[in-house]
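# Per-entry structural report
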Amino acid sequence: MPAFQSLLTPALALVIWSLVMWTWLYVTRLPAIQKAGIDPAAAREKHALDVLPLAVRQVADNYNHLMEQPTIFYALVFYGYLAGQQNGLNIALAWAYVATRVVHSLIQATANVVLVRFAVHVLGTLALFALAARDVIALFG
C-alpha cells in the first residue's frame, strides 16, 4: 500500500512536524534565555520569560498547540487504522488536519496574525470533528 494511502502516514507527518517545531523552539529559546541572563531556575516562573523577544515567545507558544488537540487526532487515526476505516475521506480529513497544524504553527511562530491563525484552527478542528464523527458512526452504525 502506498504511503499516502495509509491513515498512519498523516500521524507520522504530524509527529515529524512536532519534532521540527520543538527543534525550532529550543534553537531559538535557549540562546535567548542565555542572552537575557535568565537563570534556568528562575525560568520556571510564569512571567520570567516575558522579557524574551516576541519572535522567540511565539515559537514557544506553539509547543502547547502541538500537544493538546493532536493527542485526539492520534487516537482517532490509530483507532481508524485498527478498525479498518482507511478510506479516501478519512485519509483526506487526516491530511487536512495535519496541513492546518503546519500552517497554524508557521503563522503563530512568524507573523502571528491572530484572526488568520484562528480561522486555520477552526478548519483543523472541523476536520478533526468530521474524523471523529466518521469513527463514531463506523463504530455504532
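Within every chain, residues take consecutive numbers counted from 1 along the sequence as written. Only residues with pLDDT of 70 or above have their local features reported here, since the model is predicted, and side-chain atom pairs are shown and tallied only from 80 upward, although totals for entire chains, interfaces and linings are computed over all residues. Values reported for side chains reflect all heavy atoms of the structure, with hydrogen atoms and water molecules removed beforehand.

## A look at the packing of aromatic side chains
Each aromatic ring pair is summarised here by two numbers: the centre-to-centre distance and the angle between the ring planes. Centre distance within 6.5 Å is the pairing criterion for rings of Phe, Tyr and Trp, where only the six-membered ring of Trp is used; planes under 30 degrees apart are then read as stacked, over 60 as edge-to-face, and the remainder as tilted. Following the criterion strictly, the structure yields 2 aromatic pairs and no others. These aromatic residues form a ring-pair network of at least three members: Phe73, Tyr74 and Tyr97.

## Description of helix H4 (residues 88–109)
Turn by turn, an α-helix covers 3.6 residues, leaving residues three or four places apart pointing in a common direction. Helix and strand assignments follow DSSP, with helices taken as H or I runs no shorter than four residues and strands as E runs no shorter than two, numbered in order from the N terminus. A helix's residues, less one, multiplied by 1.5 Å, set its expected span. For H4, built from 22 residues, the straight-helix expectation of 32 Å at 1.5 Å per residue is met to within 8% by its first-to-last C-alpha distance of 31 Å. Of the residues flanking the start of H4, the one acting as N-cap is Asn87, its side-chain oxygen 3.2 Å from the backbone nitrogen of Leu89. Pairs of N or O atoms within 3.5 Å make up the polar contacts considered here, provided that, within protein, one atom can donate a hydrogen while the other can accept it, and that residues adjacent in sequence are counted only when both atoms are side-chain atoms.

## Quick word on the packing of helix H1 (residues 8–36) against helix H3 (residues 69–82)
Running from N to C, H1 and H3 cross one another at 155°; their axes reach a closest spacing of 9 Å. The orientation of H1 relative to H3 falls into the category roughly antiparallel. For H1 against H3, the interelement crossing comes out left-handed. Each of Leu8, Pro10, Ala11, Leu14, Val15 and Ser18 in H1 lies in contact with H3, whose residues at this interface are Pro70, Phe73, Tyr74, Val77, Phe78 and Tyr81. Each residue is assigned to one class: nonpolar for Ala, Val, Leu, Ile, Met, Phe, Trp, Tyr, Cys and Pro, charged for Asp, Glu, Lys and Arg, and polar for all the others, Gly among them. Tallied by class, residues from the contact of H1 with H3 come to 11 nonpolar, 1 polar and no charged. Here, axes are lines fitted to C-alpha atoms. For helices the fit covers the stretch in contact, and angles between N-to-C directions go from 0 to 180 degrees. For this classification, under 35 degrees means roughly parallel, over 145 means roughly antiparallel, 65 to 115 means roughly perpendicular, and everything else is oblique. When the near helix sits turned anticlockwise from the far one by under a right angle, the crossing is termed left-handed; a clockwise turn instead gives a right-handed crossing. Whether two residues are in contact is decided by their heavy atoms: any pair within 4.5 Å suffices.

## Some remarks on H3
The terminal C-alpha atoms of H3, which comprises 14 residues, lie 20 Å apart, in line with the 20 Å expected from a rise of 1.5 Å per residue. Any residue under 20% of the maximum accessible area for its type is buried, any over 50% is exposed, and the rest in between are partly exposed; the area is computed with a 1.4 Å probe on protein chains only. When H3 is considered as a whole, its buried residues turn out to be Gln69, Pro70, Phe73, Tyr74, Leu76, Val77 and Gly80. Angular distribution of buried residues about the axis of H3 spans 170°; they occupy a single face of the element. Within two residues after H3, Gly84 carries a phi angle of roughly 75°, on the positive side. Working definition: the arc comes from the directions between the helix axis and the C-beta atoms, pointing outward to the latter.

## Brief notes about the nonpolar core
Counting 15 residues, the largest nonpolar core has Leu14, Phe73, Val77, Tyr97 and Leu131 as the members making the most contacts within it. For this core, the secondary-structure elements that each account for two or more residues are H1, H3, H4 and helix H5 (114–140). A total of 5 residues in this core trace back to one element, the largest contributor, which is H4. Setting aside anything within four residues of it in sequence, one finds Leu131 in contact with Phe73, Leu76, Val77, Asn90 and Leu93. Take the buried Ala, Val, Leu, Ile, Met, Phe, Trp, Tyr and Cys residues and link them wherever side-chain atoms come within 4.5 Å; each set so joined is a nonpolar core.

## Examining the packing of H4 against H5
Running from N to C, H4 and H5 point in directions that differ by 155°, and their axes come no closer than 9 Å. Between H4 and H5, the angle falls in the class roughly antiparallel. For H4 against H5, the interelement crossing comes out left-handed. Residues Leu89, Asn90, Leu93, Ala96, Tyr97, Thr100, Arg101, Val103, His104, Ile107 and Gln108 of H4 form the contact with H5, whose participating residues are Val116, Arg117, Val120, His121, Leu123, Gly124, Ala127, Leu128, Ala130, Leu131, Arg134 and Asp135. When its residues are assigned to classes, the contact of H4 with H5 shows 13 nonpolar, 6 polar and 4 charged.

## Quick look at a nonpolar patch on the surface
A surface patch of nonpolar side chains, about 410 Å² in accessible area, is lined by Leu12, Val15, Ile16, Leu19 and Val20. Inspection of the secondary structure puts Val15 in helix H1. Assessed through its relative accessible area of 35%, Val15 is described here as partly exposed. Residues qualify for a patch when their relative accessible area is over 30% and they have no salt bridge, like charges being joined within 9 Å and the nonpolar side chains of Val, Leu, Ile, Met, Phe, Trp and Tyr within 5 Å. Only the protein chains shown count as covering a residue, and every accessible area follows the Shrake-Rupley method with a 1.4 Å probe. Should a side-chain nitrogen of Lys or Arg be within 4 Å of a carboxyl oxygen of Asp or Glu, the pair is scored as a salt bridge.

## Things to note about the side chain of Arg117
Mapped onto the elements, Arg117 comes out in helix H5. The exposure class assigned to Arg117 is buried, which follows from its relative accessible area of 17%. Beyond its immediate chain neighbours, meaning those up to four positions away, Arg117 contacts His104, Ile107, Gln108 and Asn112.

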